[in-house]
Amino acid sequence: MTYAITQTCCSDATCVAVCPVNCIHPTPEERAFGSTEMLYIDPRSCIDCGACADACPVDAVFPVDSLPGAQQEYAEINAAYFADAPEPEPAAAAPNFHAWGEPVFERNLPADFGPLRVAVVGTGPAGMYAAEDLLLHTDAEVTLIDRLPVAGGLIRYGVAPDHPATKKVGETFARFYSHPRVRMHLGLEVGGDLTAGELAAHHDAVVYAVGASTDRRLGIPGEDRHGSISATTFVAWYNAHPEVAPEAIDLSAPRVTVIGNGNVALDVARILVADPEELAGTDIADHALAALRASKVREVVVLGRRGPEEAAYTRSELLALKHLPGVGLLIDDHDPRIAAAVDTAGQGDKAAALRGIPRAAVDWSAPPPAGDRRIVFRFHSSPVAIEGGQEVAALRVTGAAGETEIPTGLLLRAIGYRGTGVAGLPFDEATGTVPHENGRVAGHPGTYVVGWIKRGPSGGIGANRTCAAETVGTLLADAVDGALPAPAHDAKSFARLARRRNRHLVDARGLAAIHRAEHTAGLRTGRPRVKLATVPELVATARSPRRWLPG
């Protein structure tokens, strides 16, 4: 019996580190790492030890003979990755299939080096991987800062509620919240409550992990009509982000169009057509669940500029749609290139995952058909204009036969995230990132970036692990070289400054109170948690755990 990696793989390579026979690829040392959709286990050399399954932070690894029904195809997907690879052979004079090299300790400080004080701005995956790296490899003291009064970032507010296994990576990060060398200041905004210069004056180094919080624009007429919103807003809405109002989304139209076909586009499409009672057992926002129960949406159109062979989603997310109960899938067969791409695709090609999905030319002048809800994929179409008065009424797109008008009452832009500038730091408007050299912000000694604000909005949760390793490595090299400016003030001085600037900060104890309240409320209703959805609720619960228990 061998193991297989499945849909929820986060590619952070924790499994690679514990595998005794090097059967998981690509590894961080291999050129392909970061460019594949997931990691894969070679069934020819797997020894069924289960170490990878124990180490996986998102429960993505299973024995092949016990794969859940919807995941059984991953046995073939894992094996197919190694189809053209040479047969593994034992290393010379070794009992396993891997010749172990000398141990390398790339990110550490000399034994006689004093502890650094490092601030990490942002508590999403990028920031927490950086904090983890510092805490495990050095004796640094870490200050965790987030502008929201609760930690988690993308894990809490970006992962779809029906992906609970992916959210489990948050448990890995949570163990550092109460670490003896960590001080937490949640609800503190750098560039608002205090300046980047003030933060730097109290630390040896500052790592910015502020992500990409806005979306890219379409740049077409009518984009600002009511009912045209970003997918980032929709994701934040169903995840109970305190900056998105419960009434921000109107689901009274029978058809919704999503522009873009990446994983975020599939997430929002899936949530829109899923059975609300299936979502009722997740941590979806209460207001979103109520709106979905009353939703009039029958059809979601997922629009892609290019063909199915170049779609931005991963195969694993597309395959998951095939197993949605009560949801039909359809490919709009308006362009002959679509069928040709699907029918001639190789086994490992992205377009091959569309095989078995019905294809038909859609009459967009007709309303969505009665019966099951459905998702329609329309490839080779570019948006031209959003029609309507004050409200969105239709999307005009190009196609093989010219322009087509798709009536729609809600339009979601899912064409990519975009970073915003941090006051006091340089910013590249073209890329939406902070210019850097291996994570070091040029011209700002002691200042570093990690995650999407560093490399742009590419790569999933696990990609931040190697990204953080590079940044932390640069930071530690600068420390050894004496390139870090000495802080002008100590840690206690920073704590006093933070409290003066914002009287409503949440620390590690307050965060624990928030988590207890949410989990307790979840237990009452059979859910993992019931999220507190406003800043006042979060702050009040952090200060008085019994006051704001959700009902």
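Not measured: the values here are computed from a predicted model.

(A) Region of interest: the pattern of salt bridges. Going through the model one piece at a time under the given rule, you end up with 32 salt bridges. A salt bridge links Glu299 to Arg255, with the shortest nitrogen-to-oxygen separation between them at 2.5 Å. Here Glu299 is found in strand S12 (residues 299-303), whereas its partner Arg255 is found in strand S11 (residues 255-259), with 44 residues between them in sequence. Its relative accessible area of 0% is what places Glu299 among the buried residues. Among the ionic contacts, a cluster of salt bridges with common partners joins Asp215, Arg217, Glu223, Asp224 and Arg413.

(B) Main features of the packing of aromatic side chains. Scanning the model with the defined rule gives 8 aromatic pairs in all. Judged by centre distance (5.4 Å) and plane angle (85°), the ring pair of Phe234 and Tyr238 falls under edge-to-face. Highlighted residues: Phe234 and Tyr238, both in helix H9 (residues 231-238), separated by 4 residues, approximately one helical turn. Each member of the pair, Phe234 together with Tyr238, is buried. Centroid distance Phe377 to Phe379: 6.2 Å. Interplanar angle 5°. Geometry classified as stacked. Grouping residues by exposure puts Phe377 and Phe379 together as buried. A network of ring pairs unites the aromatic residues Tyr40, Tyr81 and Phe82 as a single cluster.

(C) Broad picture of the nonpolar core. Grouped together as the largest cluster of nonpolar side chains are 123 residues, with contacts concentrated most on Ile5, Ile24, Tyr238 and Phe377. Excluding anything up to four places from it in sequence, Phe377 contacts Leu266, Val302, Tyr313, Leu318, Leu321, Leu329, Leu330, Ile331 and Asp332.

(D) Helix H10 (residues 263-273), seen in detail. Most of H10 sits out of view: 9 of its 11 residues are buried. Residues Ala265, Leu266, Asp267, Val268, Ala269, Arg270, Ile271, Leu272 and Val273 constitute the buried set of H10.

(E) A look at the sheet that holds S11. The strand order S10-S19-S11-S12-S15-S13-S14 describes an open sheet built from 7 strands, whose pairing is parallel. The open sheet has two edge strands, strand S10 (228-230) and strand S14 (359-360), and neither has a second partner. As judged from the 4 bridges shared by S11 and strand S19 (residues 410-413), these two strands associate in the parallel manner. From the neighbouring strand, Thr257 faces S19, where its bridge partner is Leu411. Along the sheet face, H10 touches S11, S12, strand S13 (327-332), strand S15 (373-378) and S19 and points at about 155° away from the line of S15.

(F) Local environment of the sheet that holds strand S16 (residues 383-388). Strand order in the open sheet formed by 3 strands is S16-S17-S18, and the pairing between neighbours is antiparallel. Across the chains shown, the open sheet's two edge strands, defined by having one partner strand only, are S16 and strand S18 (402-407). Mean inter-strand twist for the sheet, computed between neighbouring axes without regard to direction, equals 25°. Judged from the 6 bridges that link them, strand S17 (residues 392-399) and S18 form a sheet pairing that is antiparallel. Each bridged residue has a counterpart across the sheet, and for Thr398 the counterpart in S18 is Glu403.

Analysis parameters
Residue positions are given per chain, counted from 1 along the sequence in the order it is written. In view of the model being predicted, local features appear only for residues whose pLDDT reaches at least 70, and side-chain atom pairs are presented and counted only at 80 or more, with totals across whole chains, interfaces and linings using the full set of residues. Values shown for side chains rest on all heavy atoms present in the structure; no hydrogens or waters enter the calculation. Any Lys or Arg side-chain nitrogen located within 4 Å of an Asp or Glu carboxyl oxygen qualifies as a salt bridge. A run of H or I in DSSP becomes a helix once it reaches four residues, and a run of E becomes a strand once it reaches two; helices and strands are each numbered from the N terminus. A 1.4 Å probe rolled over the protein chains alone gives each residue an accessible area, and that area as a share of the maximum for its type sets the label: buried under 20%, exposed over 50%, partly exposed in between. Only Phe, Tyr and Trp rings take part, Trp by its six-membered ring, and two of them pair if their centres are within 6.5 Å. Stacked means planes under 30 degrees apart, edge-to-face means over 60, and tilted covers everything else. Definition of nonpolar core: a set of buried residues of the types Ala, Val, Leu, Ile, Met, Phe, Trp, Tyr and Cys, connected through side-chain atoms within 4.5 Å. Whether two residues touch is decided by their heavy atoms; if any such pair falls within 4.5 Å, the residues are in contact. In this description, strands pair whenever DSSP reports at least two bridges between them. Every axis corresponds to a line fitted to the C-alpha atoms, with the helix fit spanning only the stretch in contact, and the corresponding angles, defined between N-to-C directions, vary from 0 to 180 degrees.

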